[in-house]
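Working through the structure, step by step
So the chains spell out like this:
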Amino acid sequence: MLSKHRGLFGKRALDIGCGGGISTFALEKLGLNVVGLDPQKEMIKMANKAAREINSKAIFIHGNLEDLPKETLFDSIFMLGNVLAHLSVFELNEMLIKLKGLLRKSGFLVIHYADTIGDILNREFFVINHGASRSDIEFTYDIENGAINITVIEKKIREDLYEAERFKIFIWAPWILEIILNNEGFHLMHREYLPRNMILDIYKKLD
Ligand SMILES: C[S@@+](CC[C@H](N)C(=O)[O-])C[C@H]1O[C@@H](n2cnc3c(N)ncnc32)[C@H](O)[C@@H]1O
């Protein structure tokens, strides 16, 4: 998916929300020197373990953008595998200010994410993504933060008592992302509509 755009990415890359390293290793395969960043300690542990096993030279850092060495500028920054679903529009907006300081002039920001609204309209959001029958799962709308709260009932202990897992998926769509990035001085260079409502956007930093 990314190899046809390889010429844009330069040499030094940052993979934000690298998780266990799958996206980082894919970027390394393209010939990039990659730093993977993730706020989940367990994920970074897994990524480091995998890196040792496959002899990867990628560097993994646990934390957020402020935990990166300030003196390094990246040629390209990636957020792959729907990292956006973890971020509200407000959080991304704040992050972009720091991110811009880490990206060289005319560098590229690549975001691979789900169009949540398309997902909902195609009814895939409720069925495919969460794979539970409708009686086990409850969706509520967090109107303040632009998110969908999902409660998956795992065990019914009593008529009025459940063991459940609750998580939040932030709502994104291409036009929401584009206006936020435009306001921060990024210009959309390429957009690709992928299967299952996934989108690949490549933005260029203008100043
Ligand atoms: C679905 S995984 C994607 C992992 C990887 N990029 C891939 O493509 O396989 C999303 C990752 O985003 C991370 N994440 C959550 N909140 C974040 C934040 N505020 N900043 C950076 N990463 C975040 C999560 O810890 C998780 O590992």
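As shown above, the structure is provided for reference.
Residues numbered from 1 in each chain as written. Predicted model: local features only at pLDDT ≥ 70, side-chain atom pairs only at ≥ 80, totals over all residues. Heavy atoms only, no water.

Quick word on the pairing of strand β8 (residues 161-170)
- Taken together, the 10 bridges between strand β7 (residues 147-158) and β8 define a ladder with antiparallel strand orientation. Bridge assignment links Ile-148 to a residue of β8, and that residue is Ile-169.
- What sits between β7 and β8 in their antiparallel hairpin is a turn of 2 residues. (Pairing = 2+ DSSP bridges. Helix = DSSP H or I, 4+ residues; strand = E, 2+ residues; numbered from the N terminus.)

Observations concerning the pairing of strand β4 (residues 74-79)
- Here β4 lies mainly inside the structure; 6 of its 6 residues are buried.
- Two strands pair when backbone bridges link them, and strand β1 (residues 12-16) and β4 are joined in this way by 3 bridges, in the parallel orientation. When the bridges of β4 are listed, Leu-14 appears paired with Ile-77.
- Inspection of the sheet shows β4 paired to strand β5 (residues 103-114) by 5 bridges, in the parallel sense. Note on β5: the bridge partner recorded for Ser-76 is Phe-108.
- In this region the chain leaves β4, passes through helix α3 (residues 89-102) and returns to the parallel neighbour β5; the handedness of that crossover is right-handed. (Buried < 20%, exposed > 50% of the residue type's maximum accessible area, 1.4 Å probe, protein only. Right-handed = clockwise from strand over helix to strand, strands pointing away.)

Structural notes on the side chain of Thr-24
- In this structure, Thr-24 sits in helix α1 (residues 22-29).
- Thr-24 sits in the buried class, given a relative accessible area of 0%.
- Discounting residues that sit within four places of it in the chain, Thr-24 has contacts with Asp-15, Cys-18, Val-34, Gly-36, Ala-58 and Phe-60. (Contact = heavy atoms within 4.5 Å.)

Looking at the site of the ligand
- Near the ligand there are 14 residues, and of these Gly-17, Ser-23, Asp-38, Gln-40 and Leu-80 occur at the shortest range.
- Residue Ser-23 places a side-chain N or O atom 2.9 Å away from a nitrogen atom belonging to the ligand.
- Contact with the protein chains covers 77% of the free accessible surface of the ligand, which is 600 Å².
- The residue makeup of the shell around the ligand, split by class, is 7 nonpolar, 6 polar and 1 charged. (Near = heavy atom within 4 Å. Polar contact = N/O pair within 3.5 Å; in protein donor to acceptor, adjacent residues only side chain to side chain. Areas by Shrake-Rupley, 256 points an atom, 1.4 Å probe, with all protein chains shown as cover. Nonpolar A, V, L, I, M, F, W, Y, C, P; charged D, E, K, R; others polar.)

Observations regarding the sheet that holds strand β10 (residues 198-205)
- Ordered in space as β3-β2-β1-β4-β5-β10-β9, the 7 strands form an open sheet in which the pairing is mixed. Each of the sheet's edge strands pairs with one partner strand only, and the pair in question is β3 (59-62) and β9 (186-194). Across the sheet, the mean angle separating the axes of adjacent strands is 15° when strand polarity is ignored.
- Packing against the sheet, α1 makes contact with β1, β2 (33-38), β3 and β4, and its axis sits at approximately 170° to β2. (Axes fitted to C-alpha atoms, helices over the stretch in contact; angles between N-to-C directions.)

A few points about helix α2 (residues 41-54)
- Over its 14 residues, α2 extends 20 Å from the first C-alpha to the last, a length consistent with the 20 Å expected when each residue adds 1.5 Å.
- Within the sequence span of α2, burial applies to Ile-44, Ala-47 and Ala-51. In an axial view of α2, the angular spread of the buried residues amounts to 60°, which keeps them on one side of the axis. In α2, the exposed positions angled more than 90 degrees off the buried face are occupied by Lys-45, Arg-52 and Glu-53.
- Those residues of α2 hidden inside the fold are in contact with α1, β2 and β3.
- At the C-terminal side of α2, Asn-55 shows a positive phi close to 60°. (Expected span 1.5 Å × (residues − 1). Arc of directions from axis to C-beta.)

Some points on the pattern of salt bridges
- Under the criterion given, the structure shown has 11 salt bridges.
- Asp-75 is the partner of Arg-104 in a salt bridge, and the nearest nitrogen-oxygen pair spans 2.9 Å. Of the two residues, Arg-104 is situated in strand β5 and Asp-75 in strand β4; the sequence distance between them amounts to 29 residues.
- Asp-142 is the partner of Lys-168 in a salt bridge, and the nearest nitrogen-oxygen pair spans 2.6 Å. Note that Lys-168 is positioned in strand β8 and Asp-142 in strand β6 (residues 137-142), a separation of 26 residues in sequence.
- When its relative accessible area of 35% is taken as the criterion, Lys-168 is described as partly exposed.
- Residue Asp-142 is classed as buried on the basis of its relative accessible area of 12%.
- Each of Glu-178, Arg-191 and Asp-201 takes part in a single network of salt bridges with overlapping partners. (Salt bridge = Lys/Arg side-chain N within 4 Å of Asp/Glu carboxyl O.)

Limitation: the analysis is restricted to geometry and does not speak to function.
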